[in-house]
Amino acid sequence: MSGQLPEITEVPDVVGLDAEEACAIVRAAGLVPYGPEYAPAPTSGTVIGQAPIATAGAERGAAVFLWAGRGGHAEEVPPSPKDANKTLEPA
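Below is a short write-up of the structure.

## With respect to unusual backbone geometry
Leaving glycine out, the prevailing phi sign among residues is negative, and the prevailing peptide bond configuration is trans. The amide bond that connects Ala51 to the next residue, Pro52, takes the cis arrangement and shows omega of 0°. In this fold, Pro52 is placed in the loop between strand 3 (46-51) and strand 4 (57-59). In this structure, Glu37 is a non-glycine residue whose phi angle is positive, near 55°. Relative to the helices and strands, Glu37 resides in the loop between strand 2 (32-34) and strand 3. Judged by relative accessible area, which is 74%, Glu37 ranks as exposed.

## Remarks on the pattern of salt bridges
One pass over the full model with this rule turns up one salt bridge. In this structure, Glu7 engages Arg60 in a salt bridge whose closest nitrogen and oxygen atoms are separated by 2.7 Å. Placement of the pair is Glu7 in the segment before strand 1 (8-10) and Arg60 in the loop between strand 4 and strand 5 (63-70), with a sequence separation of 53 residues. Judged by its relative accessible area of 38%, Arg60 is partly exposed.

## Quick look at the environment of Trp67
Structurally, Trp67 can be placed in strand 5. Overall, Trp67 belongs to the buried group, its relative accessible area being 7%. Separated by 32 residues in sequence, Trp67 and Gly35 place their C-alpha atoms 6.1 Å apart.

Criteria and cut-off values
- Residues numbered from 1 in each chain as written.
- Predicted model: local features only at pLDDT ≥ 70, side-chain atom pairs only at ≥ 80, totals over all residues.
- Heavy atoms only, no water.
- Helix = DSSP H or I, 4+ residues; strand = E, 2+ residues; numbered from the N terminus.
- Buried < 20%, exposed > 50% of the residue type's maximum accessible area, 1.4 Å probe, protein only.
- Salt bridge = Lys/Arg side-chain N within 4 Å of Asp/Glu carboxyl O.

What follows is the structure in structure tokens.
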């Protein structure tokens, strides 16, 4: 093994922020913002969901997917992190 370990950064919490501000924060953390399924990053509305979740570790340059809503309605619904029949457990 000769390689270095990848540089890991913390994913910022941008849910509830304006889409433009959220994208700027994600970029400042060394990550790349996208819309759902690698669509262009949202430019308007309020971020209503993100993946990976805030405070998760991610390799610098990794994608952060953002879902933005306009007028209180989501453009697309973010995927559930777990099966809807299961409850979340602490890590």
